[in-house]
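Architecture at a glance
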2 protein chains.
Amino acid sequence: MQIAFVTYPGMTALDAIGPYEVLRALPDAEVRFVWHEIGPITTDSGVLMLGATHSFAETPAPDIVLVPGSGAATASTARDEGLLDWLRTVHATTSWTLSVCSGAVILAAAGLLEGKSATTHWRALDLLRPFGVRPQADARIVHEGKIVTAAGVSAGIDLGLFMAGEIAGRAYAEAIQLSLEYDPQPPFDSGHISKASLKTKAQAHKIMMRHGMFRPAEITAATRLAWDTALSRLSARVRE
Amino acid sequence: MQIAFVTYPGMTALDAIGPYEVLRALPDAEVRFVWHEIGPITTDSGVLMLGATHSFAETPAPDIVLVPGSGAATASTARDEGLLDWLRTVHATTSWTLSVCSGAVILAAAGLLEGKSATTHWRALDLLRPFGVRPQADARIVHEGKIVTAAGVSAGIDLGLFMAGEIAGRAYAEAIQLSLEYDPQPPFDSGHISKASLKTKAQAHKIMMRHGMFRPAEITAATRLAWDTALSRLSARVRE
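Residues numbered from 1 in each chain as written. Chains lettered and ligands numbered in written order. Predicted model: local features only at pLDDT ≥ 70, side-chain atom pairs only at ≥ 80, totals over all residues. Heavy atoms only, no water.

1. Observations concerning the overall build of chain A
Helices and strands together make up the secondary structure of chain A, namely eight helices and 11 strands. Taking all 240 residues of chain A together, the buried fraction comes to 62%. Here the analysis covers contacts within chain A between residues at least 6 apart in sequence; of these, 66% occur between residues at least 24 apart. (Helix = DSSP H or I, 4+ residues; strand = E, 2+ residues; numbered from the N terminus. Buried < 20%, exposed > 50% of the residue type's maximum accessible area, 1.4 Å probe, protein only. Contact = heavy atoms within 4.5 Å.)

As structure tokens, this is what we get:
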């Protein structure tokens, strides 16, 4: 079972590393990190580097593909036609197509979520609408046929365990959970937008801006891209 | 505030990437990944590569140091005298010295946990005893002065948030929690040894063995190392 994690400059590492740590423990898992070319990519911190192990060309038919999210890089990555073409091609034969955080915006830009429900980071929910996607603000994971989208960053671990249960059965997934000692005990309880105070939300916005997560200029660009794409799709439909 | 994540061959990626994603959002955080030399290291999956950004020599006085865990690599890493010397040196001036998972065994091998309580991955708890450490089986995080140890793998996220609260205050830590959407909803509840069935435990052992996590041969080596170190320390004390 070949599992391909898309690995792109500016991505948020935990989006991929959470589900990777779960899914690599599946029976017969063959994990790879894919990008246009093999080599290191720098994540959104500008410091942490991850290695892409395989090119898209070398990975024509993964069983599972996962697209992680990012901050400022979501807009430019969602415009990468080579990536979007590859996603559309491999999605035709995947068993599962997955996203974490704003990775859903990239799946949406590839046209894979049109008419479907999906979730993403709470800050990116509105970016899904222009692609004809119904954002699910309250869902940790949204399961739509073989596409499963997860909420922000840390939700990828829950996605991984859900997928492990679907693929290898509950007993096996529970054993992976134990091996990762995934018995979360957050010292605070402000991890969902519905639980956070206005002050916490404002501070979170500041943090995300400072750390290259969802910079306003980039949200504008992403929103513009989303509209451009949705409009050109609409105009193509009109011309048909 | 300089935060150094020790990055070593065979480490478990999520042990470091979980707390990294939290701690890098602290005000004035300067994150680095340290090893003997700069360059890529391969994690315990044999596939995922992370980049060490700085050498130990370039990092003589981090404010925070974090040692992640690993599977089969714990024993050999806990014997790496260059690493242990560096840990002892920097610990003298850190504000916080942290470990996740079997990273505690490495702190113990450096002599930093002698006479203290600590936690680690449930499978590695017994490896702490020969170093004179009191294992805390039921704790997600153990706080002993400026040393804070976390349980297995995913516990690093809880450690990160706890530290964020200590360093930047609860309000700021809650905002980081929201930015990472850390509102865990595991689909199963077998993440702690006390909650898992015997069958789940047996399956988890099998998974960890297959994936290079705590191979029995390596546990034997680690245990032997632990005893060797404890005995040589004892004999040195006797000679004094």
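2. A short note on the environment of V6 of chain B
All names here are of chain B. Here V6 is to be found in strand β1 (residues 2–6). A residue is classified by how much of its surface remains accessible, and V6, at 0% relative accessible area, is buried. Placed 45 residues apart in sequence, V6 and G51 show a C-alpha to C-alpha distance of 11 Å. For V6, the residues in contact, after removing those within four places along its chain, are M11, V34, W35, V65, L66, V67, P68, L83, W86 and L87.

3. Observations regarding the UniProt feature "domain: DJ-1/PfpI" (unreviewed entry) in chain A
Mapped onto this numbering, the UniProt entry annotates "domain: DJ-1/PfpI" (unreviewed entry) at residues 2–161 of chain A. Span residues 2–161 of chain A is 26% helix and 26% strand, its end C-alpha atoms 17 Å apart. (UniProt positions renumbered as here; feature names shortened; annotations may be inferred.)

4. Structural notes on the packing of helix α1 (residues 13–23) of chain B against helix α5 (residues 155–168) of chain B
To describe two helices that pack against each other, one gives the angle between their axes and the distance between the axes. All names here are of chain B. Their axes nearest at 7 Å, the elements α1 and α5 cross at an angle of 25°. Classified by the interaxial angle, the pair formed by α1 and α5 is roughly parallel. The way α1 lies across α5 gives a crossing that is right-handed. Counting all contacts with α1, which are made through G18, P19, V22 and L23, the residues of α5 involved are G156, I157, G160, L161, M163 and A164. Among the residues making up the contact of α1 with α5, the classes are represented as seven nonpolar, three polar and no charged. (Axes fitted to C-alpha atoms, helices over the stretch in contact; angles between N-to-C directions. Parallel < 35°, antiparallel > 145°, perpendicular 65-115°, else oblique. Left-handed = near helix turned anticlockwise from the far one by under 90°. Nonpolar A, V, L, I, M, F, W, Y, C, P; charged D, E, K, R; others polar.)

5. Brief notes about the relation of the copies chain B and chain A
Structural alignment of chain B on chain A gives an RMSD of 0.0 Å, achieved by rotating through 180° and translating 0.0 Å along the axis. Expressed as a symmetry operation, the mapping of one chain copy onto the other fits a two-fold axis. Measuring from the rotation axis to each C-alpha of chain B, the shortest distance belongs to L50 of chain B, at 2.4 Å. When the interface residues of chain B are mapped onto chain A, 100% of them again fall at the interface, so both copies present the same face. (Least-squares fit on C-alpha atoms with pLDDT ≥ 70 in both.)

6. Some words on the sheet that holds strand β11 (residues 147–150) of chain A
Residue and element names in this part refer to chain A. With respect to topology, seven strands assemble into an open sheet ordered β5-β2-β1-β6-β7-β11-β10, the strand pairing being mixed. Two strands in the sheet have a free side with no partner beyond their single neighbour: β5 (54–55) and β10 (141–144). By the bridge criterion, four bridges tie strand β6 (residues 64–67) to strand β7 (residues 96–100) in an arrangement that is parallel. Note that in β7 the partner of V65 across the bridge is T97. (Pairing = 2+ DSSP bridges.)

7. Things to note about the nonpolar core
V6, W86 and L87 of chain A together with V6, W86 and L87 of chain B are the most contacted members of the largest nonpolar core, which totals 160 residues. Beyond its immediate sequence surroundings of up to four residues, W86 of chain B is in contact with A4, V6, V34, F56, T59, P62 and V65 of chain B. (Core = buried A, V, L, I, M, F, W, Y, C linked by side-chain atoms within 4.5 Å.)

8. Observations regarding the packing of helix α1 (residues 13–23) of chain A against α1 of chain B
Relative orientation of the contacting elements α1 of chain A and α1 of chain B amounts to 150°, with a least axis distance of 10 Å. Like other packed secondary-structure pairs, α1 of chain A and α1 of chain B cross with a definite hand, here left-handed. Contacts from A13, L14, I17, G18, Y20 and E21 of chain A in α1 of chain A reach A13, L14, I17, G18, Y20 and E21 of chain B in α1 of chain B. Class assignment of the residues belonging to the contact of α1 of chain A with α1 of chain B gives a composition of eight nonpolar, two polar and two charged.

9. Side note on the environment of I167 of chain B
All names here are of chain B. Checked against the element boundaries, I167 lands in helix α5. Once the C-alpha coordinates of I167 and L26 are considered, the two residues, 141 residues apart in sequence, prove to be 8.2 Å apart. If sequence neighbours within four positions are ignored, I167 has contacts with M1, L26, I64 and W96.

10. Brief notes about unusual backbone geometry
Look at D28 of chain A: it is not a glycine, yet its phi comes out positive at around 60°. Tracing the sequence through the fold places D28 of chain A in the loop between α1 and β2 (30–35). With phi around 40°, V153 of chain B is a residue other than glycine that occupies positive phi space. Here V153 of chain B lies in the loop between β11 (147–150) and α5.

11. Considerations on the interface of chain B and chain A
Of the residues lining the interface, 70 residues belong to chain B; the matching set on chain A comes to 70 residues. In this assembly, chain B packs against chain A so that about 6,100 Å² is buried in total across both faces, 63% of it on carbon and sulfur atoms. Among the residues of chain B in contact with chain A, L178, E181 and F188 of chain B are the three that bury the most area, contributing 14% of the side total. Here chain B is connected to chain A by four salt bridges. Linking D183 of chain A and K195 of chain B is a salt bridge whose minimum nitrogen-to-oxygen distance equals 2.5 Å. Across the chain B-chain A interface, the total number found is 40 residue pairs in polar contact (both at pLDDT 80 or more). Broken down by element, the residue count for the side of chain B that touches chain A peaks at nine residues, all from helix α6 (residues 170–179) of chain B. A breakdown of the residues in the side of chain B that touches chain A according to their chemical character gives 36 nonpolar, 20 polar and 14 charged. (Buried area = accessible area lost by both parts, 1.4 Å probe. Salt bridge = Lys/Arg side-chain N within 4 Å of Asp/Glu carboxyl O. Polar contact = N/O pair within 3.5 Å; in protein donor to acceptor, adjacent residues only side chain to side chain.)

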